[in-house]
Amino acid sequence: GNSVTQMEGPVTLSEEAFLTINCTYTATGYPSLFWYVQYPGEGLQLLLKATKADDKGSNKGFEATYRKETTSFHLEKGSVQVSDSAVYFCALINSGGSNYKLTFGKGTLLTVNP
Amino acid sequence: EPEVTQTPSHQVTQMGQEVILRCVPISNHLYFYWYRQILGQKVEFLVSFYNNEISEKSEIFDDQFSVERPDGSNFTLKIRSTKLEDSAMYFCASSGSPRTGGTEAFFGQGTRLTVV
């Protein structure tokens, strides 16, 4: 079956620090990969996505590259801000399925201090 | 920008009572989903709905749960007899298809269900 494993949190950084949140996956076929973000008290928002190997998704300074050889999709940002404090979820859709349900990782809480 | 809307934002109910959670998906989307997130845990898939029927459901989605799309715009999740362990944030989501702009899911703000 499909599964997503992401780095356990919480992660606490100072403003302008470099961020990496690791994510690896197990899936049959060729999944599409996503990072979702959940700000305090809010719902899930799509942050970025990649649909095939070697694609790089990027948004708001965040990046992640779809690495088929290592089955990974690590999230990075060069300089975090206080406003980036949120829970980050790695997720996949298995393209071989009959619908487009998401399989999520457990989420990583990021706190950025001024 | 189109969005998925959910009502109510918070519902408190007594154990054993029925609840209906409501969602209005994005209008041209074809796939509809319910997910739940127990406090502090990961987001779990409950059910997907396509072409007016359930296309997949998880083991969590037992006989106490049902979904409906009664009027072409609303999408509801009903829990017939709530249990304490049903307390969670319930998210509705919708997505298109590869032919209609992509399969990424758009989520509502969630309904926090508290069973007491």
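As the structure is a computational prediction, the values presented were derived from the model and not from experiment.

Here's the deal with the nonpolar core
Consideration 1: Of all hydrophobic cores here, the largest spans 26 residues; its most connected members are A:Leu19, A:Trp35, A:Leu47, A:Leu48, A:Phe73, A:Leu75 and A:Tyr88.
Consideration 2: For this core, the secondary structure elements donating two or more residues are strand E2 (11-14), strand E3 (19-21), strand E4 (23-26), strand E5 (32-38), strand E6 (44-50), strand E8 (62-65), strand E10 (86-93) and strand E12 (108-113) of chain A.
Consideration 3: Here this core takes four residues from E10(A), the largest share from any one element.
Consideration 4: In this structure, B:Ile26, B:Val47, B:Phe65 and B:Ala88 belong to the second largest nonpolar core, which totals 22 residues.

Focus: the state of the cysteines
Consideration 1: This structure, assessed with the given rule, holds two disulfides over all chains.
Consideration 2: The disulfide partner of A:Cys23 is A:Cys90, and the S-S distance across this bridge is 1.9 Å. When the S-S torsion is -70°, as for the bridge of A:Cys23 with A:Cys90, the disulfide is left-handed. Taken together, the residues span a long stretch of sequence, with A:Cys23 in strand E4 and A:Cys90 in strand E10 at a distance of 67 residues. Take A:Cys23 and A:Cys90: they sit in the same class, and that class is buried.
Consideration 3: The disulfide partner of B:Cys23 is B:Cys92, and the S-S distance across this bridge is 1.9 Å. One disulfide, between B:Cys23 and B:Cys92, carries an S-S torsion of -65° and so falls in the left-handed class. Pair noted here: B:Cys23 is in strand E3 (residues 19-24) and B:Cys92 is in strand E9 (residues 88-95), with a separation of 69 residues, a long-range link.

Focus: the packing of aromatic side chains
Any two aromatic rings considered together are summarised by their centre-to-centre distance and by the angle between their planes.
Consideration 1: Here the structure, examined in full by the defined rule, presents 18 aromatic pairs over all chains.
Consideration 2: Measuring from centroid to centroid gives 6.1 Å for B:Tyr33 and B:Tyr35, while their planes differ by 35°, and the two rings are tilted.
Consideration 3: Classification of B:Tyr33 by relative accessible area gives buried; the value is 0%.
Consideration 4: Ring centres of B:Trp34 and B:Phe75 lie 5.9 Å apart, and the angle between their planes is 25°; on these two criteria the pair is classed as stacked. With B:Trp34 in strand E4 (residues 31-37) and B:Phe75 in strand E8 (residues 75-79), this residue pair connects regions lying 41 residues apart in the sequence.
Consideration 5: Residue B:Trp34 is classed as buried on the basis of its relative accessible area, which comes to 0%.
Consideration 6: Ring pairing ties together the aromatic residues A:Phe34, A:Tyr36, A:Phe89, A:Phe104, B:Tyr33, B:Tyr35, B:Phe45, B:Phe91 and B:Phe107, which thus form one cluster.

Let's talk about the pairing of E2(A)
All names here are of chain A.
Consideration 1: Because side chains alternate across E2, one face comprises the buried residues Val11 and Leu13, and the other comprises Thr12 and Ser14, none of which is buried.
Consideration 2: Sheet topology places E2 next to E12; four bridges connect them, and they run parallel. Its bridge partner lying in E12, Thr12 is registered against Thr111.

Structural notes on the sheet that holds E8(A)
Residue and element names in this part refer to chain A.
Consideration 1: Within the open sheet, the four strands sit side by side as E3-E9-E8-E7. Their pairing is antiparallel. Two strands lie at the open edges of the sheet, namely E3 and strand E7 (56-59), each paired on one side alone. Within the sheet, the average angular offset between the axes of one strand and its neighbour, ignoring direction, is 15°.
Consideration 2: Across three bridges, E3 lies against strand E9 (residues 75-77) in antiparallel orientation. Within E9, the position partnered with Thr20 by the bridge is Glu76.

Definitions and cut-offs
- Each chain carries its own residue numbering, running from 1 in the direction its sequence is written.
- Each chain takes a letter, starting from A, and each ligand takes a number, starting from 1, following the order in which they are written.
- Only residues with pLDDT of 70 or above have their local features reported here, since the model is predicted, and side-chain atom pairs are shown and tallied only from 80 upward, although totals for entire chains, interfaces and linings are computed over all residues.
- Excluded from the side-chain calculations are hydrogens and water; all other atoms, namely the structure's heavy atoms, are used.
- Residue types Ala, Val, Leu, Ile, Met, Phe, Trp, Tyr and Cys, when buried and joined through side-chain atoms within 4.5 Å, form a set referred to as a nonpolar core.
- Residue exposure (1.4 Å probe, protein chains only): buried if accessible area is under 20% of the type maximum, exposed if over 50%, otherwise partly exposed.
- Strands here mean DSSP runs of E at least two residues long; helices mean DSSP runs of H or I at least four residues long; both are numbered from the N terminus.
- Counting rule for disulfides: a pair of cysteine sulfur atoms within 2.5 Å.
- When two rings of Phe, Tyr or Trp (its six-membered ring) have centres within 6.5 Å they constitute a pair, described as stacked for plane angles under 30 degrees, edge-to-face for angles over 60, and tilted for the intermediate range.
- When DSSP finds at least two bridges between two strands, those strands are taken to pair.
- Fitted lines through C-alpha atoms serve as axes, helices being fitted only where they are in contact, and the angles separating the N-to-C directions of these axes extend from 0 to 180 degrees.

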